[in-house]
Amino acid sequence: MLRAAASVFLACALAAPATAAGLPEPVTDAAYAPVNPAEAALGQLLFYDPILSGNREVSCATCHHPRLGTSDGLSLSLGDGGIGLGPDRVADPQNPPEARVPRNAPALFNLGAHEFTRLFHDGRIEVDATRATGFRTPLEDDMVSGFASLLSAQTMFPVLSADEMAGHLQENEVSRAVRQGLLTGPGGAWDLIARRVAAVPGYAAQFARTYPRIQTPEDIGFTDISNAIAAFMALEWRSDQAPFDAWLRGTGTLSEQALAGSALFYGRAECHTCHSGPFQTDHGFHAMGAPQIGPGKAAKFEQHSRDEGRFRVTGRAEDLFAFRTPSLRNVAQTAPYGHAGGHADLAGFIADHAAPAQALAGYDISQAVLPELPVKDAQIMSDPDEVAAIAAAATWSVNLSEADIAALVAFLDSLTDPAAATGRLGVPSTVPSGLQVAR
């Protein structure tokens, strides 16, 4: 049956792939904002430089490394207080993390495309023309102007997180500023980081060459740092040269199993109802019943490990346990899966994703990738009432056989773009600060 369905789908799609039901149009240059190569080259150095973190030990690449699909191979990251990279990362016995980062580190592919107007798992940062800055963020009216794009604004929130990059109280001047609520303006956390960067002669010179308005190190603002990093990410991980792209353009073919998977994805399995468009995302928010492990997302006065997703942003009941539909570009490279990284295996995730209520009841946390830390990672999943609440919000289900799942995995493999997976500029051998580069 699968082979017959694939044959029919192939006959239609090879004749005019973009017109077949559900299939997106091929990606073109018009999908992306232009990138200044000099700005991207500066951003490459900043992305890999731990100077942006409070204790000068964590860079953007610590949790978003090309060797690990622009993520980190962990269910939940160890930011400040960790040693090593990816699945080999462990807690520093001299300065252990206070908690895991509460959500899985998302991949960075195609974030320079125009259609990405909401970011983070809960979409708490998004384009908003009614705001003076053009963006709605958790900083609300304190958000500063000068970010060239939503991607630029997004990149600079991890530096304010104690568990991700800032470090904890009394450890450094950035963490102290964050704890005191001094985030923007002179003497705020962002300004303190900018002054660090400006004090490095190599950066001061390159900023002056890249941005004409910068004449002295004092002219370097935090938004300049952020804009450069965003330019780098947009250039480095643009992903539109996968086998699937060649197939859509009529210049390549897919394996028989991948074709069967595409027939399922854009047909009976209805994956494309959420994973639609050229980057396999509708940019919407859906409650899909993914398991909740780790510390969850709670305000400081709350004592729970729940993560209510988009609901924490909107307060709408229909958004309870809903998370942003991730793009599936290079998904075969970005394990673990789910907003909390509950599944290390793509086929296993698809199987559970197809029947979330049943899967939640039998979830085994041993399939997560969690470096040793003395915390209660399974607190929610060991509470029947919490599990039932997550399951009740997930109304999706579809019958998939083992053969169906294998075909879907083959199709998802066809979304891997070799150029984007390795990056275009690559990992620099050194950075101007002289700090260690994550390799």
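Heads up: these notes are all about the structure in this document. Here the structure is a predicted model, which means the values were calculated and not measured. (Residues numbered from 1 in each chain as written. Predicted model: local features only at pLDDT ≥ 70, side-chain atom pairs only at ≥ 80, totals over all residues. Heavy atoms only, no water.)

## Concerning the overall build of the chain
Helix and strand counts for the chain come out as 17 helices and 7 strands. Its C-alpha atoms give the chain a radius of gyration of 22 Å, within 12% of the compact-globule value 22 Å for 439 residues. Taking the principal axes of its C-alpha atoms as reference, the chain extends roughly 65 × 50 × 45 Å. Look at the contacts in the chain between residues 6 or more apart in sequence, and 67% of them connect residues 24 or more apart. Carbon and sulfur atoms make up 55% of the accessible area of the chain, which totals about 18300 Å². One way to put it: in the chain the 30 positive side-chain charges average out to a point 3 Å from where the 48 negative ones average out. (Helix = DSSP H or I, 4+ residues; strand = E, 2+ residues; numbered from the N terminus. Rg over C-alpha atoms; globule rule 2.2 N^0.38 Å. Contact = heavy atoms within 4.5 Å. Areas by Shrake-Rupley, 256 points an atom, 1.4 Å probe, with all protein chains shown as cover. Lys, Arg positive; Asp, Glu negative; His and termini not counted. Charge placed at Lys NZ, Arg CZ, Asp CG, Glu CD.)

## Topic: the sheet that holds strand β5 (residues 135-136)
Strand order in the open sheet formed by 3 strands is β3-β4-β5, and the pairing between neighbours is antiparallel. Edge positions in the sheet fall to β3 (118-119) and β5, since each has one partner strand and no second. Pairing between strand β4 (residues 125-127) and β5: 2 bridges, direction antiparallel. Along β5, the bridge assignment pairs E126 with R136. (Pairing = 2+ DSSP bridges.)

## Describing the environment of A208
With respect to the helices and strands, the residue A208 is situated in helix α8 (residues 201-210). Sequence separation of A208 and I220 is 12 residues, and the distance between their C-alpha atoms is 8.6 Å.

## Considering the pattern of salt bridges
Proximity of charged atoms lets side chains of opposite charge pair with each other. Going through the model one piece at a time under the given rule, you end up with 22 salt bridges. Residue R131 is joined to E140 by a salt bridge in which the shortest nitrogen-to-oxygen separation is 2.8 Å. Owing to a relative accessible area of 41%, E140 belongs among the partly exposed residues under this scheme. For R213, the salt bridge identified is with D224, shortest N-O distance 2.4 Å. (Salt bridge = Lys/Arg side-chain N within 4 Å of Asp/Glu carboxyl O. Buried < 20%, exposed > 50% of the residue type's maximum accessible area, 1.4 Å probe, protein only.)

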